[in-house]
Amino acid sequence: SALNYYYAINGNYDSTIITAKEMLALSNKLHYQEGIAYAYLGMAFAYSIKKDSALQTQYYNKAVVLYKATKNLGFIMSCYDNMATVLQLQGNYGKAVENRYASQKIREQTGDKKMIADGYYNIATAYEYSDSRDKQATEILKNANAAVRLYKEINDRKGIGLCYSEIGDAYVYQGEYTKGLEKFIEAQQVFKDSSMSADFASTYAAIGNTFIILGDSANEKQNKILATSYYQKAKENELAALNAFRGYLYFRSEAYVCFYSLGRINMKLKNLSAAKKYLDSSLAISKSISDAEGTYRAYYFLSLLDSLQMNYKGAYKNYKLYTSYRDSVNNKENTKKAVQAQMQYEFDKKETAAKAAQDKKDAEAKRLKNEQYFAIAALGIIVLAVVAIAFIQFKNKKQKQRANTVLEKTLTDLKSTQAQLIQSEKMASLGELTAGIAHEIQNPLNFVNNFSEVNKELVEELKIKNEQLKIEDDDVKDLLNDIEQNLEKINHHGKRADAIVKNMLQHSKQTKGVKEPTDINALCDEYIRLSYHGLRGKDKNFNADIKTDFDESIEKINIIPQDIGRVLLNLFNNAFYAVNEKQKLTANGYQPTISVQTKRINDKVEIVVRDNGNGIPQSIIDKIFQPFFTTKPTGQGTGLGLSLSYDIITKEHNGIIKVNSNETDGSEFIIQLPVT
């Protein structure tokens, strides 16, 4: 991610795309949502370099959506700020300002004064390059003053000084030079007290520039003297900053800026030899770090310097180099095409010469070959005959191999089909048996349930009679209570048996649903939330994270929506049950999480339901689709839900359902449904 951002701010499109794709692949493999979001942001960086606004917006929106899903304010804020920085460096200042405002909304949610103040300062600096000077100054003043108020509350001296400098710039833009000078001097005092040498030097330069502007006023002579004095102080402090930067390779770009500033300052002070020394140093550093913009700026001022010294030949040479580097920055694509055209010309030239030499060589070879044709004609006929025989044998061999391959595949398919038919027959027979048993049990079970309820009412009446007759026999009361409790247990377990019978009948009946085009993403989203709210209705203290990752390219597929909804509801209920049970047994720090993902794989749609519960032991994982098999405690499951789901997916929809699980990471159910 660091490389991706580095390449983006340096305008390297190819490297930015490569690192973004590597980030996306690795983050998908790790199911790391923040990494996927940053990869999408990296793609947005790349397309902003390429000036493809449509793809830039598409990937940027994807990144924002994923960052918002994390609910981590720091991630969301970083997303907006990083994009603003890249846009600002590439000259798209309008969009940069929009992202700074979006970042500020997040900063205000944190309540952190330092972060909010930094946000206001960032907005102020973003407005420095606005198209409208009036708006530029107004917005800088508004946001810089807001930042100053907060920086003063937390005593952030550097922040106060930077804001004073911004306010001074805004006043200068408005033509209020005296106010601007006052703010620059305030900033200078803050930086001086805080030992911030580079920023301290910059205020001297700003004050000097302002006095140069004021040189056109009535006090021209006095203002020019003051300007010269401040430029001299700026030079001294630039040198101090330069000495601090020299020892660090990381600060070479800052060293280039110092040399460049010193060169310009000495030109204004008419110290031309010193100016040349500093501009030459700036040029050398710019070239060493491949900074084309810094290089052409150095050449430009060197050409001006040569003109002042009447070295017109040198001025012309440096000006040509300035225009060359400037054009390389502004017209990289044209330069690339020119290089390609030159390379193509050289290639064509060499290819033409080589072709002429080859034609001459071919003519000589043709003369020699004609003399040999008659000698080898007979031999050629023999060779052709041998080749023909060999080809016929080879063709026969290949046909035999293909036939064997087809035969082996057919045999494998037959074995697979045979296994499926046997399983289907077993399940069908089991269904018929289940239906028969259920129907036979239903009537006597109804009698048990009905008579238990009637007897319970009789016991209630007997209790009332006993009280009316005022019979004070404790044994009689205890006996009536025991009978009542026994009847309640009979009724409870009778209803359980009734639920099992109904599930058995549902398991065995043929579906009457009709397949219709259905949005599978909407169906998954509806049932996961239905399941969650159902469990929340029973247990208000239960909470879980729900994550969805839907493939938007999936079109509607033909399914029976009620039956697939029943399958999804069963899987989601099981998942929420698993994480709820794990939460009860786990100390603080565990966060229940359920996710559902859809994606298109060739001619199938895959649905994956994951949970981070206790998982299913490997010893019983092969049994979970069998009827009446359940891992839940007695009274909490019939063991028919997954069996019914298996039948709906495999029999009604010709699909596949399978499970992956371990006892540390939870369970994963995978459903594959044909598209047509």
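To start, this report covers the structure provided alongside it.

## Overview of the overall build of the protein
Then step 1. Along the protein, the regular secondary structure elements total 21 helices and seven strands.
Then step 2. With 676 residues in all, the protein has 37% of them scored as buried.
Then step 3. Of the roughly 40600 Å² of accessible surface on the protein, 54% is carried by carbon and sulfur atoms.

## Things to note about the side chain of arginine 107
Then step 1. Here arginine 107 lies in helix H6 (residues 93-110).
Then step 2. Within polar-contact distance, the side chain of arginine 107 engages the side chain of aspartate 81 at 2.7 Å.
Then step 3. Not counting residues up to four positions away in its chain, the partners in contact with arginine 107 are Met77, Asp81, Asp112, Met115, Ile116, Asp118, Gly119 and Asn122.

## Here's the deal with the nonpolar core
Then step 1. Formed by 42 residues in total, the largest nonpolar core has its most connected members in Ile520, Ile564 and Phe576.
Then step 2. Of all the secondary-structure elements, those providing two or more residues to this core are helix H19 (520-538), strand S3 (557-559), helix H20 (561-585), strand S4 (593-601), strand S5 (604-611), helix H21 (641-652), strand S6 (656-662) and strand S7 (666-674).
Then step 3. At eight residues, the largest contribution of residues to this core is made by H20.
Then step 4. Counting residues in hydrophobic clusters, the runner-up holds 32 residues, among them Ile36, Ile49, Ala63 and Val64.

## Some details on a positive patch on the surface
Then step 1. Together, Lys395, Lys397, Lys398 and Arg402 line one region of the surface with positive charge.
Then step 2. Tracing the chain through its elements places arginine 402 in helix H17 (residues 332-468).

## Observations concerning the packing of aromatic side chains
Then step 1. By the definition in use, this model includes 12 aromatic pairs.
Then step 2. Between tyrosine 60 and tyrosine 80 the ring centres are 6.4 Å apart and the planes differ by 70°, which places this aromatic pair in the edge-to-face class. With a gap of 20 residues between them, tyrosine 60 in helix H4 (residues 53-70) and tyrosine 80 in helix H5 (residues 73-89) connect regions that are remote in the sequence. Tyrosine 80 carries the same exposure label as tyrosine 60, and that label is buried.
Then step 3. Judged by centre distance (6.2 Å) and plane angle (90°), the rings of phenylalanine 542 and phenylalanine 576 are edge-to-face. In this pair, phenylalanine 542 is assigned in the loop between H19 and strand S2 (545-549) and phenylalanine 576 in helix H20, connecting sequence segments 34 residues apart.
Then step 4. Judged by its relative accessible area of 1%, phenylalanine 542 is buried.
Then step 5. Of the residues examined, phenylalanine 576 reaches a relative accessible area of 1% and is grouped as buried.
Then step 6. A network of ring pairs unites the aromatic residues Tyr296, Tyr300, Phe301, Tyr319 and Tyr322 as a single cluster.

## Observations concerning the sheet that holds S5
Then step 1. Spatially, five strands are ordered S2-S4-S5-S7-S6 in an open sheet, and the strand pairing comes out mixed. Looking at strand neighbours, the two that pair on one side only are S2 and S6, the edges of this open sheet. Strand-to-strand, the axes of this sheet are offset by a mean angle of 15°, without reference to chain direction.
Then step 2. Pairing analysis gives eight bridges linking S4 to S5, with the strands arranged antiparallel. Residue pairing across strands places arginine 600 opposite valine 605, the latter belonging to S5.
Then step 3. Against the sheet, H20 engages S2, S4, S5 and S7, with an angle of about 25° to S5.

## Focus on unusual backbone geometry
Then step 1. Even without glycine at this site, lysine 51 takes up a positive phi of about 60°.
Then step 2. In this structure, asparagine 654 is a non-glycine residue whose phi angle is positive, near 55°.
Then step 3. Its location among the elements puts asparagine 654 in the loop between H21 and S6.

## Topic: the pattern of salt bridges
Then step 1. By the definition in use, this model includes 16 salt bridges.
Then step 2. The shortest N-O distance in the salt bridge between aspartate 81 and arginine 107 comes to 2.7 Å. Here aspartate 81, found in helix H5, pairs with arginine 107, found in helix H6; they are 26 residues apart in sequence, far enough to count as distant. Comparing aspartate 81 with arginine 107 shows no difference in burial state: the two are buried.
Then step 3. Note that lysine 95 and glutamate 98 form a salt bridge whose closest N and O atoms lie 3.7 Å from each other. Highlighted residues: lysine 95 and glutamate 98, both in helix H6, separated by three residues, approximately one helical turn.

## Re the environment of alanine 144
Then step 1. Relative to the helices and strands, alanine 144 resides in helix H8 (residues 133-154).
Then step 2. When the C-alpha positions of alanine 144 and tyrosine 164 are compared, they lie 7.7 Å apart, and in sequence the two are 20 residues distant.

## Side note on the side chain of threonine 598
Then step 1. Tracing the chain through its elements places threonine 598 in strand S4.
Then step 2. Given a relative accessible area of 2%, threonine 598 falls into the buried group.
Then step 3. A distance of 3.1 Å separates a polar atom in the side chain of threonine 598 from the backbone nitrogen of aspartate 551.
Then step 4. With residues up to four places along the chain from it excluded, the contact list for threonine 598 reads Asn521, Cys524, Asp549, Phe550, Asp551, Ile554, Glu606 and Ile607.

## Looking at helix H14 (residues 272-288)
Then step 1. End to end, H14 covers 24 Å across 17 residues, agreeing with the expected 24 Å (1.5 Å per residue, within 8%).
Then step 2. For H14, the full list of buried residues reads Leu272, Ala275, Tyr278, Leu279, Ser282, Leu283, Ile285 and Ser286.

## Concerning a negative patch on the surface
Then step 1. Side chains of Asp473, Asp474, Asp475, Asp478 and Asp482 sit close together on the surface and give a patch of like negative charge.
Then step 2. Looking at where aspartate 474 falls in the secondary structure, it is placed in helix H18 (residues 474-508).
Then step 3. Here aspartate 474 falls in the exposed class, since its relative accessible area comes to 53%.

## Description of a nonpolar patch on the surface
Then step 1. Among the surface-exposed residues, Leu26, Leu30 and Tyr32 lie close enough to one another that they form a single nonpolar patch of about 320 Å² accessible area.
Then step 2. Tracing the backbone through its elements, the reader meets leucine 30 in helix H2 (residues 13-30).

## What about the packing of helix H7 (residues 113-126) against helix H9 (residues 157-173)?
Then step 1. Two numbers describe how H7 lies on H9: the axes approach to 11 Å, and their chain directions differ by 30°. Taken together, the axis directions place H7 and H9 in an arrangement best described as roughly parallel. Between H7 and H9 lies a crossing whose hand is left-handed. Every residue of H9 that contacts H7 at Tyr121, Ala124 and Thr125 is listed here: Leu162, Cys163 and Glu166.
Then step 2. In terms of residue class, the contact of H7 with H9 is built from four nonpolar, one polar and one charged.

Reading guide: rules and limits
Sequence positions are assigned chain by chain, starting from 1 and proceeding in written order. Where local features are concerned, this predicted model is filtered to residues with pLDDT of at least 70; where side-chain atom pairs are given and counted, the filter is 80 or more; whole-chain, interface and lining totals use all residues. To get the side-chain values, all heavy atoms of the structure are used, and hydrogens and water are removed first. Secondary structure elements follow DSSP: runs of H or I of four or more residues count as helices, runs of E of two or more count as strands, with numbering from the N terminus. Remark: exposure states derive from per-residue accessible area (1.4 Å probe, protein chains only) relative to the maximum for the residue type, with buried under 20%, exposed over 50%, and partly exposed in between. Under the convention used here, a 1.4 Å probe and the Shrake-Rupley method define accessible areas, while residue burial counts only the protein chains that appear. Here a polar contact means two N or O atoms within 3.5 Å. Within protein one must be a hydrogen donor candidate and the other an acceptor candidate, and residues neighboring in sequence count only if both atoms are side-chain atoms. Any two residues whose heavy atoms approach within 4.5 Å are treated as being in contact. The term nonpolar core refers to a set of buried residues drawn from Ala, Val, Leu, Ile, Met, Phe, Trp, Tyr and Cys, joined through side-chain atoms within 4.5 Å. A residue counts toward a patch only above 30% relative accessible area and without a salt bridge, and it is joined to like-charged neighbours within 9 Å or, for Val, Leu, Ile, Met, Phe, Trp and Tyr, to nonpolar neighbours within 5 Å. Salt bridges are defined by distance alone: a side-chain nitrogen of Lys or Arg within 4 Å of a carboxyl oxygen of Asp or Glu. In this tally, Asp and Glu contribute negative charge and Lys and Arg positive charge; neither His nor the terminal groups of the chain are included. Here the site of a charge means atom NZ of a Lys, CZ of an Arg, CG of an Asp or CD of a Glu. Two rings from Phe, Tyr or Trp (for Trp, the six-membered ring) form a pair when their centres are within 6.5 Å of each other. A pair whose planes differ by under 30 degrees is stacked, one over 60 is edge-to-face, and the rest are tilted. Any two strands are treated as partners once DSSP identifies two or more bridges connecting them. For helices, the fitted line uses only the C-alpha atoms of the stretch in contact; every axis is such a line through C-alpha atoms, and the angle between N-to-C directions lies from 0 to 180 degrees. For a helix, the expected span equals 1.5 Å multiplied by the number of residues minus one. Our angle categories are set so that under 35 degrees counts as roughly parallel, over 145 as roughly antiparallel, 65 to 115 as roughly perpendicular, and the remainder as oblique. Left-handed describes a crossing in which the near helix is turned anticlockwise from the far one by less than a right angle; the clockwise case is right-handed. Amino acid classes used here: Ala, Val, Leu, Ile, Met, Phe, Trp, Tyr, Cys and Pro are nonpolar; Asp, Glu, Lys and Arg are charged; the rest, including Gly, are polar.

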